[in-house]
Each structure stands twice: as C-alpha cells, then as structure tokens.
Amino acid sequence: MKRVVLVVALLLGTGLSAHADMVAYHNVLKQPRNDDQLHEDGYYCDAQVGPDRNGVPTSAAYKQCMLSRGWRYQSVKREPAPQTWIDPDTGLTCHDIFGGFGSECSNF
C-alpha cells in the first residue's frame, strides 16, 4: 500500500454551514498510515497555522505543515451549500428532501 490516498472531510464552521470541502492528502512516507494519523496531523497543523476553513483555498502554510508531517496536498472537492428559501406563510427556512420530491422547514 505505497500509494494510498486518504481523504479527510474537514467539517469546520458552524451548524449553519451544511456543506464541506473534501480535501485529499497523499501519504509520502514509506510506511502505511491510517485516517487516525491523518486526523492527528491535521489537528497539529490546525494548532500551528490555524484551521483549514470551508470555502477558502487551503493556505500554503497549511500545505507545508502537512507536508512536514508526511502528507502531500493532492486536491480539494468543493460541495456547494444546499439551496434554501424562506416559507412566506410561516417564515421558516426550508430545503429540499428526497431529491427534490419534498421539502422540510424549521428554525433549527
């Protein structure tokens, strides 16, 4: 397993943000490592240079920190925020469910 690609979903931000960037790092060390080690190194870099935030490109300092820990930045997949609207009758925030065949509204 020399070339294992590990993907970490960094779900940073508030509960209001229902989308996440999927950032992929490649293990450059000669030994296999798992997701726990990737998360641990991510926490280390969060503390050193600040967290990698959703919707903002990954900083060069964060990429360099992860590389120093044995993880090369590979790619990012951006997922758009879900479409929401305000119900004019109730004033609640709504979003699609069941692939657009229904909707759900709440204040939470």
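Calculation criteria
Residues numbered from 1 in each chain as written. Predicted model: local features only at pLDDT ≥ 70, side-chain atom pairs only at ≥ 80, totals over all residues. Heavy atoms only, no water. Helix = DSSP H or I, 4+ residues; strand = E, 2+ residues; numbered from the N terminus. Buried < 20%, exposed > 50% of the residue type's maximum accessible area, 1.4 Å probe, protein only. Contact = heavy atoms within 4.5 Å. Pairing = 2+ DSSP bridges. pLDDT = per-residue confidence, 0-100. Disulfide = S-S within 2.5 Å. Axes fitted to C-alpha atoms, helices over the stretch in contact; angles between N-to-C directions.

J.: Explain the overall build of the chain to me, please; I cannot follow it from the model alone.
T.: Within the chain, the secondary structure is distributed over two helices and six strands. Its helices and strands in sequence order give the chain the pattern β-β-α-α-β-β-β-β, from N to C terminus. Out of the 108 residues in the chain, the part that is buried amounts to 23%. Sequence-distant contacts, at least 24 apart, represent 52% of the contacts inside the chain between residues at least 6 apart.

J.: I keep staring at the pairing of strand β6 (residues 102-106) and nothing clicks. Help me out?
T.: Look at any regular strand and the pattern is simple: side chains alternate between the two faces of the sheet. Summarising the sheet, strand β5 (residues 93-97) and β6 pair through five bridges and their orientation is antiparallel. Within β6, the position partnered with Cys-94 by the bridge is Cys-105. Connecting the antiparallel pair β5 and β6 is a turn made up of four residues, with Phe-98 showing a positive phi of about 55°.

J.: Explain the confidence of the model for the chain here, please?
T.: In low-pLDDT regions, the fine details of the predicted coordinates are not to be read closely. Taken residue by residue, the chain gives an average pLDDT of 79. The fraction at 70 or more is 81%. Below a pLDDT of 50 lies the segment residues 1-18, which in the model reaches 39 contacts outside its immediate sequence neighbourhood of four places, other chains included.

J.: Whenever I open this one, the state of the cysteines confuses me. Can you help?
T.: Here a disulfide denotes a covalent bond joining the sulfur atom of one cysteine to the sulfur atom of another. Evaluation of the coordinates by the stated rule reveals two disulfides. Two residues, Cys-45 and Cys-65, share a disulfide whose sulfurs are 2.2 Å apart. One disulfide, between Cys-45 and Cys-65, carries an S-S torsion of -90° and so falls in the left-handed class. Of this pair, Cys-45 sits in helix α1 (residues 35-49) while Cys-65 sits in helix α2 (residues 60-68), and the two are 20 residues apart along the sequence. Across the pair, Cys-65 and Cys-45 agree in class, each one buried. Sulfur-sulfur distance for the disulfide between Cys-94 and Cys-105 comes to 1.8 Å. Where Cys-94 bonds to Cys-105 through sulfur, the torsion about that S-S bond is close to 105°, and the disulfide is right-handed. Of this pair, Cys-94 sits in strand β5 while Cys-105 sits in strand β6, and the two are 11 residues apart along the sequence. For Cys-94, a relative accessible area of 1% puts it in the buried group.

J.: In this structure, what is going on with the sheet that holds β6? I would like to understand it.
T.: Strand-to-strand pairing in sheets goes through backbone hydrogen bonds, with the strands running parallel or antiparallel. Here we have three strands laid out as an open sheet, ordered β4-β5-β6, and antiparallel in their pairing. Every other strand in the sheet has two partners, leaving β4 (84-86) and β6 as the edge strands with one partner each. Neighbour to neighbour, the strand axes of the sheet diverge by 35° on average, direction disregarded. Judged from the three bridges that link them, β4 and β5 form a sheet pairing that is antiparallel. Counted as the bridge partner of Trp-85 is Cys-94 from β5.

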